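# Breakdown of the fold
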There are 2 protein chains.
Amino acid sequence: MQNSDQAVETEVNDSGAAEAVNETSSEEASLEDQLVHAQEKTVELEAKLAEVENRYYRLQADFDNSRRRARLDLESSEKYRAQKLISDLLPSIDNFERALQMETDNEQMKSVLQGMEMVYRGLLEALKNEGAEQIEAVGKEFDPQVHQAVMQVEVEGVESNIVVEEFQKGYILKDRVIRPAMVKVNL
Amino acid sequence: MQNSDQAVETEVNDSGAAEAVNETSSEEASLEDQLVHAQEKTVELEAKLAEVENRYYRLQADFDNSRRRARLDLESSEKYRAQKLISDLLPSIDNFERALQMETDNEQMKSVLQGMEMVYRGLLEALKNEGAEQIEAVGKEFDPQVHQAVMQVEVEGVESNIVVEEFQKGYILKDRVIRPAMVKVNL
């Protein structure tokens, strides 16, 4: 803005200096010069305006994309937020499960194991509230997405490709397998 | 751009129609008109340009703020990501703790309880990896930020404002108290 005003003023002064020679023609020339200059200026400004508007719309598009990405990042972060803790808890939950499998005739011990079983169920319930569940295995059709076959057998009377035994529980968090179930499959 | 070109052309045609009356003055008038028009156009474009530039910089500032906020939201979401699961696990962990306090003379039972104690320690370790820890209580100075006084006593030989007993463990996740410890405080 500042620059264009100065440019116009300069030309007015130039035309003033040429006044003595031929008033009419110098005035006309000056007007024409000024007009050409002003029209050039207009073209230049229009180009500049178009450029800045263009930059504005590109920035607006970037902004929209960035907001969308941020929302998706946050959603994904929320969705699997408990994954690390769940992974860290699994070894203890495995040990818990093994400890509960102990067989006993002692009544007091049975009662303690029953209490512990309730604690174990409570832990699984908390995982479930967060979207984490044990993967079903024994009796199910083998599914490489959630089952890891560590042994194969040939059992008669059992359909082929069916999980016949589970060595370690698998866990899934929402749609993400945290750990596949380690299983024995019937050929 | 299209509009301004048309406007200039129209004025040129007008001056052509007035040619017959007084060539010089009509040409001059027309040039002056055109110049005024072009200069007005320049001023208008400069104002428009300034306005769009202004909008651009405001949008840029909004964009920067939005990115910063998104980063902070994501950080905060990551920092406390396990809070819900931890809160859900606490009742089971409380029950676990109570079950472990059982006293017994039976050797097999002692061994089972020792195994369960290891499972319990493993669970706490997993919580610790996520930044969650039990709040220290007994023997510490009462701190209303992390302790909830549910009983007060007057014990001689113990400093005042000291926690003398804990009824329920408290848990803290990083800098956030998930649950204060429920305690008995010496007056």
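What counts and what doesn't
- Residues numbered from 1 in each chain as written.
- Chains lettered and ligands numbered in written order.
- Predicted model: local features only at pLDDT ≥ 70, side-chain atom pairs only at ≥ 80, totals over all residues.
- Heavy atoms only, no water.
- UniProt positions renumbered as here; feature names shortened; annotations may be inferred.
- Pairing = 2+ DSSP bridges.
- Helix = DSSP H or I, 4+ residues; strand = E, 2+ residues; numbered from the N terminus.
- Axes fitted to C-alpha atoms, helices over the stretch in contact; angles between N-to-C directions.
- Parallel < 35°, antiparallel > 145°, perpendicular 65-115°, else oblique.
- Contact = heavy atoms within 4.5 Å.
- Nonpolar A, V, L, I, M, F, W, Y, C, P; charged D, E, K, R; others polar.
- Buried area = accessible area lost by both parts, 1.4 Å probe.
- Salt bridge = Lys/Arg side-chain N within 4 Å of Asp/Glu carboxyl O.
- Polar contact = N/O pair within 3.5 Å; in protein donor to acceptor, adjacent residues only side chain to side chain.
- Patch = residues over 30% accessible without salt bridge, like charges linked within 9 Å, V, L, I, M, F, W, Y side chains within 5 Å.
- Areas by Shrake-Rupley, 256 points an atom, 1.4 Å probe, with all protein chains shown as cover.
- Buried < 20%, exposed > 50% of the residue type's maximum accessible area, 1.4 Å probe, protein only.
- Expected span 1.5 Å × (residues − 1).
- Least-squares fit on C-alpha atoms with pLDDT ≥ 70 in both.

In the nomenclature of an unreviewed UniProt entry, chain A corresponds to Protein GrpE from the organism Cytobacillus depressus. According to the UniProt record, the Sequence similarities (unreviewed entry) comment for chain A reads "Belongs to the GrpE family."

## Examining the sheet that holds strand E5 (residues 176-179) of chain A
Residue and element names in this part refer to chain A. Read across the sheet, three strands follow the order E1-E4-E5 without closing on themselves; strand pairing throughout is antiparallel. Two strands in the sheet have a free side with no partner beyond their single neighbour: strand E1 (132-134) and E5. Each neighbouring strand pair of the sheet contributes to a mean axis angle of 30°, computed without reference to strand direction. Across three bridges, strand E4 (residues 171-173) lies against E5 in antiparallel orientation.

## Some details on the packing of helix H4 (residues 107-129) of chain A against helix H3 (residues 83-100) of chain B
Packing of H4 of chain A against H3 of chain B leaves a shortest axis separation of 8 Å and a crossing angle of 175°. Accordingly, the angle class assigned to the pair H4 of chain A and H3 of chain B is roughly antiparallel. Two secondary-structure elements touch here, H4 of chain A through Met116, Val119, Gly122, Leu123, Ala126, Leu127 and Asn129 of chain A and H3 of chain B through Lys84, Leu85, Asp88, Leu89, Ser92, Asn95, Phe96, Ala99 and Leu100 of chain B. Its residues placed into classes, the contact of H4 of chain A with H3 of chain B shows ten nonpolar, four polar and two charged.

## Notes on the interface of chain A and chain B
Taken together, the 62 residues of chain A in the interface contact 62 residues of chain B. Roughly 5,800 Å² is buried in total at the junction of chain A and chain B, and carbon and sulfur atoms are behind 73% of that figure. If you look at where chain A meets chain B, you find zero salt bridges. Where chain A touches chain B, the interface holds eight residue pairs in polar contact (both at pLDDT 80 or more). Looking at the side of chain A that touches chain B, the elements that each hand over two or more residues are helix H1 (2-17), helix H2 (23-79), helix H3 (83-100) and H4 of chain A. Looking at the side of chain A that touches chain B element by element, the count peaks at 31 residues for H2 of chain A. Looking at the side of chain A that touches chain B, its residues break down into 30 nonpolar, 15 polar and 17 charged.

## A few points about a nonpolar patch on the surface
A cluster of nonpolar side chains, namely Val150, Met151 and Phe167 of chain A, defines an oily patch on the protein surface of about 250 Å² accessible area. For Met151 of chain A, the position within the fold is in strand E2 (residues 147-153).

## Comments concerning the pattern of salt bridges
Residues and elements named next belong to chain A. Taken as a whole, this structure holds 32 salt bridges over all chains when the rule is applied. Between Asp94 and Arg179 there is a salt bridge; the shortest N-O distance is 2.8 Å. In this pair, Asp94 sits in helix H3 while Arg179 sits in strand E5, placing the two residues 85 residues apart along the sequence. For Arg179, a relative accessible area of 16% puts it in the buried group. Residues joined in a network through salt bridges with shared partners are Glu78, Arg81 and Glu130.

## Brief notes about H4 of chain A
Counted at 1.5 Å a residue, the expected span for H4 of chain A with its 23 residues is 33 Å, and the 33 Å between its end C-alpha atoms agrees. Within the sequence span of H4 of chain A, burial applies to Met109, Val112, Leu113, Met116, Val119, Tyr120, Leu123, Leu124, Ala126 and Leu127 of chain A. The inward-facing, buried residues of H4 of chain A contact H3, E1 and E4 of chain A together with H3 and helix H4 (107-129) of chain B. Looking at where H4 of chain A begins, the residue whose side-chain oxygen comes 2.8 Å from the main-chain nitrogen of Gln108 of chain A is Asn106 of chain A.

## Topic: the relation of the copies chain A and chain B
Mapping between the two copies of the chain is achieved by a rotation about an axis and a shift along the axis. Aligned on chain B, chain A shows an RMSD of 0.2 Å; the corresponding rotation is 180° and the shift along the axis is 0.0 Å. In short, the pair behaves as if placed about a two-fold rotation axis. When the interface residues of chain A are mapped onto chain B, 100% of them again lie at the interface, so the same face is used by both copies.

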